[in-house]
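What follows is the residue order along each chain.
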Amino acid sequence: MLTSIPSIRKKQIIAVTGVMLFGFLLAHLSGNFLIFKGPEALNAYAQFLHDLGPVLWGMRIGLIAAFVLHMFFTALVVVENVKARKARYAVTKDQGEHRTLLVRLMPYTGVTIFAYLIFHLLDFTFVEKTGFINGVDYGLYGLVVNTLSNPIHGGLYIIAMLAIGVHLAHAMQSVVQTFGFANKCIRPKLVQASMVIGFGIALAYCAIPIYLISCAGSGCLVK
Amino acid sequence: MAAPKTISIKLKVWRQSNPEAKGEFKTYQATDVSPHMSFLEMLDVVNGDIIKAGDDPIAFDHDCREGICGSCGAVVNGEAHGPKSQVTLCQLHMRSFNDGDEITLEPWRASAFPVVKDLVVDRSAFDRIIAAGGYISVKTGSAPDAHCLPVSKVDADAAFDAAQCIGCGACVAACPNASASLFVGAKVSQFSLLPQGQPERKSRVKKMVWQMDSEGFGNCSNAFACEAACPKGITVDFISRMNREL
C-alpha cells in the first residue's frame, strides 16, 4: 500500500506534519518565554494547559500523530533514497550551493531532535513538578530553573535547539517548494526567510538555558 | 605567461566490462592534449592509445557532440558533465583543465541507470517515463490552421524552457538521492503549459510520477543539485510546478 503512494505525496505528508510540528514549536516557545516573567506566570500557564483536560489530550494526540507520521515517512523516503544509489561516487562535490549541505544534515538533525525529545520528556514531563530554590518549592518553575541551569542539561538543550535551527533552515523553504508554490522570483527571499526564522527560533529557545546558566546561584532567578 | 600548447592529464576512469562485473578504476595518462580539444576528443585520443596497446577502449555514449542530443555524460571529479556551468560533456573543452591535473571519471550512479559498460549507462528508464505519459494525443492529418490555438508569450517561453531538456540524466547523477524530479518536472511542464497538453494534463502527471517511482529513482529533497548540474539550465521551478499539478 505504501508503495502506491506517489513520492511527491510522501514528501507532502512530511511537509504538512512538519508544519504542524512547527506550530507546536511556536506555541511551546511562547509558553516557555513566561520563564522570564517569573514563577507565577509560568506555573499559571502550566495550570491553564492542565485544566484544558480533554482538549489538551486532543492536542497531544494530534502532536504525537504528526510526529510519528513525520518520522515514519521520512524513514521511508530515506530508505528509498539509499536504494536509489547503491553504488556511491568515488569523488563527490556538492552542486547546488549551500543547500545540499543542509539537505544532507536533515536526517542527522532529525535524529538529534528525536533523541533529545526523549531526554526532554524525562526531564520535564515524566517527573514530579517540584523544584526547590533556596529551600522554597517553586513547582514547575523551580524544576525548569534547576534542570536547565545545570550545564549538562542546559548544554544538551542548546545543542538540540541548534539542530532544530539547522533543520528548519532547510525545511521551511522546502515545504513551499514541495507544495509547488515556490518559483525563481520568490525563492531567494524564501531561502533567506527560512534561515532567519529557523535560526531565530533556535536562538530564542537557546536564550532560556543561557539565561538560566548565566544566572545560576547569583540570585537573579527568583527576585 | 602564455598557456602551454598542450597539456598532460592523469585520468582515473571507471572500467566495468559488463553490467554484472564488479568494475574498478584504471589510470591512464593523456599526453599532448590540446586545450582546444573537447573532452570526448581527448577520450578518443586516449582510446587510440589503448587500442594500439591491444586493450579494450573506454566505452562512452556520444552522438551529436554539439550539446543537443543528450547522449553523452559522465561525472568528472564529482560533477555531472564537469566543472563548467550549462555545458554537456561533449562541449566541455580541455582548456577548462590545467597541465598535470588528475581527473576522476565515473558513470552516472543511480540504481535506475545500471551501468552497461564503463561510462555507458542504461537510461531507458527515462524512455519508459515518457511512454507512460510524456506525449499528447492529437488528430493527425492536415496541418491545423495557423494561430488557431492562441498561446501567451509567457506560457510559450516557459514551455520552451522546459522543452529544452535533452534527457541526458545529469539531474539524476547530481541529485544526492538520484531523483529524476527535474527531468519529469520539465516533461510534465512542457505540456501542461500549452493548450495541446490540457486534455491529458491530470492523468499525465500521475502516470509519469508513478513510472518515475516504479523505476527506482529517489525522492526529491529540494537540494537543487539537479538545477546546478543541468546543461540546459532547466530550473527547479518545474519540479515545483509538477508538485502542484499532482
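Conventions used here
- Residues numbered from 1 in each chain as written.
- Chains lettered and ligands numbered in written order.
- Predicted model: local features only at pLDDT ≥ 70, side-chain atom pairs only at ≥ 80, totals over all residues.
- Heavy atoms only, no water.
- Helix = DSSP H or I, 4+ residues; strand = E, 2+ residues; numbered from the N terminus.
- Buried < 20%, exposed > 50% of the residue type's maximum accessible area, 1.4 Å probe, protein only.
- Areas by Shrake-Rupley, 256 points an atom, 1.4 Å probe, with all protein chains shown as cover.
- Lys, Arg positive; Asp, Glu negative; His and termini not counted.
- Charge placed at Lys NZ, Arg CZ, Asp CG, Glu CD.
- Contact = heavy atoms within 4.5 Å.
- Salt bridge = Lys/Arg side-chain N within 4 Å of Asp/Glu carboxyl O.
- Pairing = 2+ DSSP bridges.
- Axes fitted to C-alpha atoms, helices over the stretch in contact; angles between N-to-C directions.
- Core = buried A, V, L, I, M, F, W, Y, C linked by side-chain atoms within 4.5 Å.
- Domains from an automatic or database assignment.
- pLDDT = per-residue confidence, 0-100.
- Left-handed = near helix turned anticlockwise from the far one by under 90°.
- Nonpolar A, V, L, I, M, F, W, Y, C, P; charged D, E, K, R; others polar.

Trainee: It is not clear to me how the overall build of chain A should be interpreted in this structure. Could you clarify?
Mentor: Scanning chain A from N- to C-terminus turns up seven helices and two strands. Starting at the N terminus and walking to the C terminus, you meet the elements of chain A as α-α-α-α-β-β-α-α-α. With the principal axes as the frame, chain A shows a C-alpha extent of 60 × 40 × 35 Å. Looking at chain A as a whole, 41% of its 223 residues are labelled buried. Entry remark: accessible area of chain A is about 12,000 Å², with carbon and sulfur atoms responsible for 73%. Between the mean site of the 17 positive side-chain charges and the mean site of the 8 negative ones, chain A shows a separation of 19 Å.

Trainee: I keep staring at the overall build of chain B and nothing clicks. Help me out?
Mentor: Per the secondary structure count, chain B includes eight helices and seven strands. By principal-axis analysis of the C-alpha atoms, chain B measures approximately 60 × 45 × 40 Å. Scored against the burial criterion, the 246 residues of chain B give a buried share of 53%. Contacts in chain B between residues far apart in sequence, at least 24 positions, make up 69% of those at least 6 positions apart. Total accessible area computed for chain B in this model is approximately 11,000 Å², and 52% of it derives from carbon and sulfur atoms. Across chain B, 25 positive and 29 negative side-chain charges occur, with their mean positions spaced 4 Å apart.

Trainee: Before we go on, may I ask you to explain the pattern of salt bridges in this structure?
Mentor: Think of it this way: side chains of opposite charge can pair up when their charged atoms draw near. All names here are of chain A. For the structure shown, the criterion picks out 13 salt bridges over all chains. Note that Glu 80 and Lys 10 form a salt bridge whose closest N and O atoms lie 2.6 Å from each other. Of this pair, Glu 80 sits in helix α3 (residues 54-84) while Lys 10 sits in helix α1 (residues 7-32), placing them 70 residues apart in sequence. When its relative accessible area of 24% is taken as the criterion, Glu 80 is described as partly exposed. Residue classification places Lys 10 among the buried positions, given a relative accessible area of 3%.

Trainee: What is the right way to read the sheet that holds strand β3 (residues 75-76) of chain B from this model?
Mentor: The strands making up a sheet associate through backbone hydrogen bonding, with each pair oriented either parallel or antiparallel. Residues and elements named next belong to chain B. Ordered by their spatial adjacency, five strands build an open sheet running β2-β1-β5-β3-β4, and the pairing between neighbours is mixed. Each edge of the open sheet is held by one strand with a lone partner, namely β2 (24-33) and β4 (79-80). Sheet analysis places β3 next to β4, joined by two bridges and oriented antiparallel. Within β4, the residue paired with Val 76 across the bridge is Glu 79. Where helix α1 (residues 39-52) meets the sheet, it contacts β1 (7-15), β2, β3 and β5 (102-106), and its direction lies at approximately 105 degrees from that of β2.

Trainee: Help me understand the environment of Val136(A), please; the structure alone is not making it clear to me.
Mentor: Residues and elements named next belong to chain A. Of note, Val 136 is situated in strand β2 (residues 136-137). Assessed through its relative accessible area of 41%, Val 136 is described here as partly exposed. Sequence-wise, Val 136 and Val 55 are 81 residues apart; in three dimensions their C-alpha atoms are separated by 32 Å.

Trainee: Which parts of the structure should I look at to understand the nonpolar core?
Mentor: Soluble globular proteins tend to pack their nonpolar side chains together in the buried interior. Among the nonpolar cores identified, the biggest contains 49 residues, and Val172(B), Val184(B) and Phe217(B) are the most heavily contacted of them. Elements that contribute at least two residues to this core include exactly α2 (124-133), α3 (153-163), α4 (170-174), α5 (181-192), α6 (201-214), α7 (225-229) and α8 (237-245) of chain B. Counting the residues that make up this core, at least three belong to each of domain 1 (7-115) and domain 2 (124-245) of chain B. Leaving out residues up to four positions away in the same chain, Val172(B) has contacts with Arg85(A), Ala110(B), Phe113(B), Phe126(B), Ala178(B), Ser179(B), Ala180(B) and Phe217(B). By size, the runner-up hydrophobic cluster in this structure holds 28 residues, among which are Met37(B), Leu43(B), Val76(B) and Ile103(B).

Trainee: I would appreciate a short explanation of the confidence of the model for chain B in the present structure.
Mentor: It should be kept in mind that the predicted coordinates are not to be read in detail where pLDDT is low. Of the residues in chain B, 98% reach a pLDDT of 70 or more, and the chain-wide mean stands at 95. For this predicted complex, the interface confidence score (ipTM) comes to 0.92, while the overall pTM stands at 0.92.

Trainee: Can you walk me through the environment of Thr17(A) in this structure?
Mentor: One can find Thr17(A) in helix α1. Along the sequence, Thr17(A) and Thr147(A) sit 130 residues apart, while their C-alpha atoms lie 30 Å from each other.

Trainee: Looking at this structure, I do not really get the packing of α3(B) against α5(B). What am I missing?
Mentor: The axes of two packed helices give the description: the angle between them and the distance between them. Residues and elements named next belong to chain B. The contact between α3 and α5 brings their axes to 8 Å, and the two run at 150 degrees. α3 and α5 meet at a crossing whose hand is left-handed. Every residue of α5 that contacts α3 at Ala 159, Ala 162 and Ala 163 is listed here: Ala 186, Ser 189 and Gln 190. Tallied by class, the residues present in the contact of α3 with α5 amount to four nonpolar, two polar and no charged.

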